[in-house]
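# Structural description and commentary
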Amino acid sequence: MSTDVSAYLKDWWPLQWVTEAPLGSATAAVKPSNIDELTRLVAFASARGVPLYVRGGGSAVTGASIPSAGVVIDTASLNQILDLDEANRTVTAQAGVRLKDLESKLNEKGLTFSQFPQSYELATVGGYISTFGTGQYSTLYGGVEDSVMRLEVVLPTSEVIWTRNRGAPRSSVGPDLSRLFIGAEGSLGVVSAAELKVRKLPRHVWKAAFSFRNFEDAVNAAKGLLEFDVRPAVCRAYNELESQFQFDGKGCTLLLVYHFKSEEVLSTVRQQVATFLEESSVPADPNLVDLWLRKRFDFQGQMDSVRKLGYSIETVEVAAKWSRLLELYRDAMDVLGRTEGVGGVGAHISHLYDQGACLYFTVLFLPKEATYRSLWEGMARVTRSHDATISHHHGVGILKKVYAKDEIPLQLMKRIKKAVDPNETMSPDRLFQ
Ligand SMILES: Cc1cc2nc3c(=O)[nH]c(=O)nc-3n(C[C@H](O)[C@H](O)[C@H](O)COP(=O)(O)OP(=O)(O)OC[C@H]3O[C@@H](n4cnc5c(N)ncnc54)[C@H](O)[C@@H]3O)c2cc1C
């Protein structure tokens, strides 16, 4: 089924709010309603060398879902939950199922996917997998890579494969081919369905907030919690501007903790954490966690309030090892602060690991293309100088393609691309170029 193409020529890439020029181009968009139609479409395009771009929820913030030419495959009609295996705690869903719809279906059975990107009302299963996404509970549950059992993929050669067998919780038969497609951004084939891990909905939660003198102390406290073997589902430390903007926390920085475990474990953890943070912080109102929970998917409200001030908003989510994280923070604040047209920078850490964390900058900038380009150039320089990654979870898209080249073995990726997609029809000008 063919459909109007104009709706597919943009995604949530902030550049499109500051430039008049259209960022995308395509001749047609097609919405296959089953795997057979999808496979025939991929075979048709591959045989004729027609570029194909896959579109899920279109919530990418990097231009990843904007086509450059050819045909867009819209996965919206591949929206069936194929199997819910409660006994083995897996769900198999087609690529176009939205995370929000998947979660509501699971919740009806007392289960959860536990993956909550801020965009979960928009993002689809296939898009979330293809951008290597992660959610707000990642410190406890990990990112999408930790939730995938196996993937069904329509390859550019029009073969349909599952990345591994269905009957085991783990297998050492060969490399994990799912990983080839997680983060491939539509360059190696169309993820048509996924078998995913699910969990029981948590019954006991603990919410706490702490106030610190400065961001450095809050970051060190968050790191300390992990060393102390406390791994909360959510652990977020905010700098001064973001504490003020999000929580009206004047003159302080905040650490929010939200944790799920049994009642007994939580009561011990609560005491341990209070003792551990006694010297460096003062307890803040735990209702701040409820405020965060209420607002956590409301990006539109945040964007509207920034636009009223005449600014646009960009988010830069880098990640570094602990030993470089605070230096990276200081250098980034310095570079962004000196970028002409940048009006304010909020920052927080979330997504904590034993080895490091994601540093997430929210940058208010005057909507001019030159300002936008300079802020990214500056951030790329700082990130590179600290051996950090330019993308913790938003992926690469058009925006970060030039910066991502330094981080990956590009020649090997090109050879893999050529082997999997011999006619180079899938997202031909993107990640693997
Ligand atoms: C306000 C906001 C907040 C966000 N917060 C987060 C966050 O917390 N965590 C996070 O990880 N991301 C976040 N994002 C980024 C974005 O939402 C995610 O990358 C999302 O997972 C993309 O899913 P999608 O279905 O919208 O994919 P799309 O935008 O449609 O596509 C993204 C990429 O995946 C490819 N693709 C899509 N479907 C398939 C498929 N079936 N097979 C092969 N390739 C496919 C596309 O070709 C494209 O390259 C946020 C975005 C916004 C706008």
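This is a predicted model, so every value here is computed, not measured. (Residues numbered from 1 in each chain as written. Predicted model: local features only at pLDDT ≥ 70, side-chain atom pairs only at ≥ 80, totals over all residues. Heavy atoms only, no water.)

## Let's talk about the packing of aromatic side chains
Following the criterion strictly, the structure yields 14 aromatic pairs and no others. On the numbers, 5.2 Å between centres and 80 degrees between planes, the contact of Tyr258 with Phe260 is edge-to-face. Summarising the burial analysis for this pair, Tyr258 and Phe260 share the class buried. Connected via pairs of aromatic rings, a cluster forms that spans Phe116, Tyr120, Tyr137, Tyr141, Tyr258, Phe260 and Phe297. Lying over the aromatic face of Trp162, Arg150 brings its terminal NZ or CZ to 4.1 Å of the ring centre. Above the face of the Trp17 ring, Arg307 is positioned so that its terminal group lies 5.0 Å from the ring centre. (Phe/Tyr/Trp six-rings, centres within 6.5 Å; stacked < 30°, edge-to-face > 60°. Buried < 20%, exposed > 50% of the residue type's maximum accessible area, 1.4 Å probe, protein only. Lys NZ or Arg CZ within 6 Å of the ring centre and 35° of its normal.)

## What to know about the layout of surface pockets
Here the second largest pocket defines a volume of roughly 790 Å³. Contributing to the lining of the second largest pocket are 31 residues, with Phe132, Ile182, Gly183, Val396 and Ile408 lying nearest its centre. When contributions to the lining of the second largest pocket are tallied by element, the ones reaching two or more residues are helix H6 (178-181) and helix H15 (410-420). Counting residues per element, the lining of the second largest pocket draws most heavily on H15, which supplies three residues. (1 Å grid on protein atoms, 1.4 Å probe; cavity = no way out; pocket = protein on both sides within 12 Å on 5 of 7 lines; lining within 4 Å. Points joined across faces, edges and corners; volume = space filled by probe spheres on them. Helix = DSSP H or I, 4+ residues; strand = E, 2+ residues; numbered from the N terminus.)

## Considerations on the domain arrangement of the protein
Per the domain assignment, the segments of the protein are domain 1 (79-200), domain 2 (205-295) and domain 3 (299-399). For domain 1 and domain 3, the distance between their C-alpha centres works out to 28 Å. Between domain 1 and domain 3, the residue contacts involve twelve residues of the former and ten residues of the latter. For the pair domain 1 and domain 3, the summed buried area comes to about 790 Å², and 49% of that belongs to carbon and sulfur atoms. Counting every contact that joins domain 1 to domain 3 gives zero salt bridges. Here domain 1 is connected to domain 3 by five residue pairs in polar contact (both at pLDDT 80 or more). Class assignment of the residues belonging to the side of domain 1 that touches domain 3 gives a composition of two nonpolar, nine polar and one charged. (Domains from an automatic or database assignment. Contact = heavy atoms within 4.5 Å. Buried area = accessible area lost by both parts, 1.4 Å probe. Salt bridge = Lys/Arg side-chain N within 4 Å of Asp/Glu carboxyl O. Polar contact = N/O pair within 3.5 Å; in protein donor to acceptor, adjacent residues only side chain to side chain. Nonpolar A, V, L, I, M, F, W, Y, C, P; charged D, E, K, R; others polar.)

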